[in-house]
Amino acid sequence: MKNRWEIAIGILGFLMLAVAHYIGLFVSPAEAMMGDVGRILYAHVPTAWVGLLTYLVAFIAAIGALLSGKAAWDALVEASVEVGLLLNAVLLIQGSLWAKPTWGVFWTWDPRLTTTAIMVVAFGVVLALRRQIDDPQRRLTISSVATIVAFVNVPIVYMSVKWWRTLHQNFSSPETVDPMMVIPLRLAAFGMLFISTAFVVRRWRIAMAGLRVDFEAPDLPAAPTPLKVED
Amino acid sequence: MKTLLNVLHKDMLIEWAARSRTVALLSFAYTILLLFAFAIGPDAGALRLHAGAYMWLGLLLTSTLLLERSMRIEVEAGALSKLLLIPIDPAGLFYGKAIANTLQLLLVGAFSVPLIFVICDATLTENIGWLGLTLILGSAGLAAPGTLYAAMTARLSGSQLLLPLMLFPLVVPVIVAAVKATSLVMLGDPMDQIGAWLTLLACFNLIYWSLCGILFGRVIEA
Amino acid sequence: MARVDLEVAAHERLLIIGPNGCGKTTLLNVLSTLLRPSAGSVSYPGLAKNPRKDIGLMGHDIGIYEDLSAADNLRVFARMSDIDPAPIRALLATVGLEAGDQAVAKYSAGMRRRLALAALLQAQPALALLDEPFAQMDPGGIAGVSKAIKALPGAVIIASHQVQHAAPLATRAILMDCGQIRWTGRADQAEAAWRALHHERGEL
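Worth saying up front: this structure is predicted, and the values here are computed from it rather than measured.

What counts as what
Here the residue index of a chain counts from 1 through its sequence in written order. Think of it this way: whatever chain is written first is A, whatever ligand is written first is 1, and the rest follow in order. Only residues with pLDDT of at least 70 are given local features in this predicted model, and only at 80 or more are side-chain atom pairs given and counted; all residues enter the totals for whole chains, interfaces and linings. Where side-chain values are given, they derive from all heavy atoms of the structure, hydrogens and water being excluded. Under the scheme used here, helices are H or I runs from DSSP no shorter than 4 residues and strands are E runs no shorter than 2 residues, and both carry numbers assigned from the N terminus. Atoms counted for the radius of gyration: C-alpha only. Globule rule: 2.2 Å times residue count to the power 0.38. For every residue, the accessible area obtained with a 1.4 Å probe (protein chains only) is divided by the maximum for its type, and the residue is called buried under 20%, exposed over 50%, and partly exposed between those limits. In what follows, a contact means two residues having at least one pair of non-hydrogen atoms within 4.5 Å. Surface exposure here means Shrake-Rupley accessible area, sampled with a 1.4 Å probe, where a residue is shielded only by the protein chains that are shown. Here Asp and Glu are counted as negative and Lys and Arg as positive; His is not counted, and neither are the chain ends. The atom standing in for a charge is NZ when the residue is Lys, CZ when it is Arg, CG when it is Asp and CD when it is Glu. Buried area adds together the accessible area that both of two parts lose upon being put together, with accessible area traced by a 1.4 Å probe. Put simply, a salt bridge is a Lys or Arg side-chain nitrogen that is within 4 Å of an Asp or Glu carboxyl oxygen. Here a polar contact means two N or O atoms within 3.5 Å. Within protein one must be a hydrogen donor candidate and the other an acceptor candidate, and residues neighboring in sequence count only if both atoms are side-chain atoms. Convention adopted: a line fitted to C-alpha atoms gives each axis, helices being fitted over their contacting stretch, and angles between N-to-C directions are expressed from 0 to 180 degrees. By convention the crossing between two helices is left-handed if the near helix lies anticlockwise of the far one by an angle smaller than a right angle, and right-handed if it lies clockwise. The classification used treats Ala, Val, Leu, Ile, Met, Phe, Trp, Tyr, Cys and Pro as nonpolar, Asp, Glu, Lys and Arg as charged, and all other residues, Gly among them, as polar.

A few points about the overall build of chain C
Right, on to step 1. In terms of helices and strands, chain C carries seven helices and six strands.
Right, on to step 2. Starting at the N terminus and walking to the C terminus, you meet the elements of chain C as β-α-β-α-α-α-β-α-β-α-β-β-α.
Right, on to step 3. What you see for chain C is a C-alpha radius of gyration of 17 Å, in line with the 17 Å of a compact globule of 204 residues.
Right, on to step 4. Oriented by its inertia axes, the alpha-carbon framework of chain C measures out at about 50 × 40 × 25 Å.
Right, on to step 5. Across the 204 residues that make up chain C, the buried fraction comes to 55%.
Right, on to step 6. For chain C, the share of sequence-separated contacts (at least 6 apart) that also reach a separation of at least 24 residues comes to 66%.
Right, on to step 7. For chain C, the accessible area works out to roughly 9300 Å², and carbon and sulfur atoms hold 50% of it.
Right, on to step 8. Positive and negative side-chain charges of chain C, numbering 21 and 20 respectively, have mean locations separated by a distance of 2 Å.

Side note on the interface of chain A and chain B
Right, on to step 1. Taken together, the 27 residues of chain A in the interface contact 29 residues of chain B.
Right, on to step 2. Across the interface of chain A and chain B, roughly 2600 Å² is buried in total on both sides, 77% from carbon and sulfur atoms.
Right, on to step 3. On inspection of chain A and its partner chain B, the count reaches zero salt bridges.
Right, on to step 4. Scanning the region where chain A abuts chain B turns up five residue pairs in polar contact (both at pLDDT 80 or more).
Right, on to step 5. Residue assignment for the side of chain A that touches chain B shows that the elements contributing at least two residues are α2 (41–68), α4 (111–132) and α5 (136–166) of chain A.

Side note on the environment of G144(C)
Residue and element names in this part refer to chain C.
Right, on to step 1. Turning to its location among the elements, G144 is positioned in helix α5 (residues 139–151).
Right, on to step 2. Exposure remark for G144: the relative accessible area of 15% places this residue in the buried category.
Right, on to step 3. Remark: the alpha-carbon pair of G144 and T94, spanning 50 residues in sequence, is separated by 8.4 Å.

Structural notes on the interface of chain B and chain C
Right, on to step 1. Facing the 25 residues of chain B at the interface are 26 residues of chain C.
Right, on to step 2. Viewed at the interface, chain C and chain B are joined by three salt bridges.
Right, on to step 3. Of the charged contacts in the structure, one is a salt bridge between R21(B) and D67(C), with a shortest N-O distance of 2.8 Å.
Right, on to step 4. Our count for the chain B to chain C interface comes out at ten residue pairs in polar contact (both at pLDDT 80 or more).

Observations regarding the pattern of salt bridges
Residue and element names in this part refer to chain A.
Right, on to step 1. One pass over the structure, following the stated rule, counts 25 salt bridges over all chains.
Right, on to step 2. Residues R205 and E6 are paired through a salt bridge, measuring 3.0 Å at the closest nitrogen-oxygen approach. On the criterion of sequence distance, the pair formed by R205 in helix α6 (residues 179–215) and E6 in helix α1 (residues 5–27) is long-range, its members being 199 residues apart.
Right, on to step 3. Accessibility expressed as a relative area gives 1% for E6, which makes it buried.

Regarding the packing of helix α4 (residues 51–75) of chain B against helix α7 (residues 128–153) of chain B
All names here are of chain B.
Right, on to step 1. Across the interface, α4 lies against α7 with an axial gap of 9 Å and an inter-helix angle of 40 degrees. Considering how the two elements wind past one another, α4 and α7 form a crossing that is right-handed. Across the interface between the two elements, M55, W56, L59, L60, S63, L67 and M71 of α4 pack against T134, L135, G138, S139, L142, A143, G146, T147, A150 and A151 of α7.
Right, on to step 2. In terms of residue class, the contact of α4 with α7 is built from eleven nonpolar, six polar and no charged.

What about the packing of α7(B) against helix α8 (residues 159–170) of chain B?
All names here are of chain B.
Right, on to step 1. Direction vectors running N to C along α7 and α8 enclose 145 degrees, while the axes themselves pass 9 Å from each other. Once α7 is placed against α8, the crossing between them reads as right-handed. Within the contact between the two elements, α7 uses L142, P145, G146, Y149, A150, M152 and T153 and α8 uses S159, L162, L163, M166, L167 and L170.
Right, on to step 2. Residues of the contact of α7 with α8, tallied by class, amount to ten nonpolar, three polar and no charged.

Some details on unusual backbone geometry
Most peptide bonds adopt trans geometry, and most residues besides glycine take a negative phi value.
Right, on to step 1. A cis amide bond, omega -10 degrees, links I86(B) with the succeeding residue P87(B).
Right, on to step 2. Topologically, P87(B) is positioned in the loop between α5 (79–85) and α6 (90–119).
Right, on to step 3. Even without glycine at this site, D192(B) takes up a positive phi of about 55 degrees.
Right, on to step 4. Positionally, D192(B) belongs in the loop between α9 (172–187) and α10 (194–221).
Right, on to step 5. On the basis of relative accessibility, which here comes to 66%, the residue D192(B) falls in the exposed class.
Right, on to step 6. Non-glycine residue T33(C) carries a positive phi angle of around 75 degrees.
Right, on to step 7. Along the chain, the position of T33(C) falls in the loop between α1 (24–31) and β2 (55–58).

Listed below in structure tokens is the structure:
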């Protein structure tokens, strides 16, 4: 098992996450306004950070793919969009779970929550497009363009939803963070980062195995026997 | 620039030649607006309050048909390959088509506005110029990414589903800002917020008219 | 498509024959620069630095706007390629079409191909690539298309199943099978080559 460093990093990530959640659940003080419910913070915030980071990787990979036309970048687009979507979905579930006890509803039109919901569709479409296109170069181009546009859209959606809400009423909950809460948060964030890196790398290897066949020119068959034609 | 005008001229020529389809498109927009009224009404107050939302949702739903068609005419009989062999300047092709689509969306919008005022009993509190500006910026905001996405999905089997699926999440800011601005024009704007929403629309347009222009060349070559 | 090694001289008339799915259309698309080969290269020593300008393609999709009339189609493409749009009526007459208001969508398959050839005559490409120019055509259409192909100025490559109609227009012919060139020879021997392939496959 050469070159399988991502497994080691993944395991390390899981361990860090476990320790972080132990500290977060049993050692750190409860969040001032939300009580024990607020402890979901240690899972939620790292998911959000790393999820956005994964989309950033997809964005950079898409630019790389467009400029180079190489299978390696294309595989990274596929891998990072897929892992980003997974984190994105987890984030949405966590957000709703948190919203219910805190705000009394599963869903509120909070800018972050709304943007997250829109990101699921915007990046999900990238994968749908990839399934639709057989020609490898076309698939690379179209899915890279969709990834770039989807990523550029994230801050714009966020801004517009924020204005949409705040020009109506203010719904911000100021968060003052105890230093004892910072340690598990940081630990969980890096744990999540390592796990996601492991996922992306693993997924990238799988994608490469498939794409390499698509991108490489097949071996030339033996020269044909000339056809005998009578005059 | 010359390519842009040529493409714009060509698209207008085609729309004129196929004007029966444009009439069908306008009828579609009308039907949607009527359906909104049936779904919400006959509470006149609710209709008046949400008139801006109905107008933009009607325009958005119509836009996917319009945008899909604008790219289908290029690929259905291989005209795009011919343009590529001219060889055409891709930026000129994009801006020509995007402007043509904006103009057609404006046409749909201009037809929708009177109907909205009639069936929703909408009022006009602020200057009607703001409504015109909102329509222009909103249509342009739908047309730029819409033209790019239509080109991306034109040759795929599920293009009629994929195009709205890609476009709708992208144009959330356009819908939010355009509906808000339209509602403010209709219901009154005591806190001077129209400017902020129009600025958001303008920024969206600035970003996507440049970004899509850059990416379009790669998409049509693929 | 696998292995193709081919040279075409200026003003040469080349016929490509071969069974369905043998790579004729793919080869034409690669030659037109619209499709990039995954390996190997195509060079156009006789053409301009950007060879696209000098290449004309009439594929299965003939490259027109369905909603416009024949004359409007030619006018649009002339305007886009900076060509004098004046002789459109004469061009259409050459291929046996009238300059009416009728939309191309209502044209028959033969009329559409003749219009596509008129567009090629208008563009005067140094290299014209024609994919199945005789498909779905009545005898009158075949005569009209043959006349138009003869009038093309540059090199012409025709991929066609209708050997009996296409061979008289060409000087040289190649036979493709499974993405490879199996035979190269004089165009008037094309029919014999076609029979030899069938014989080899045990179909005749």
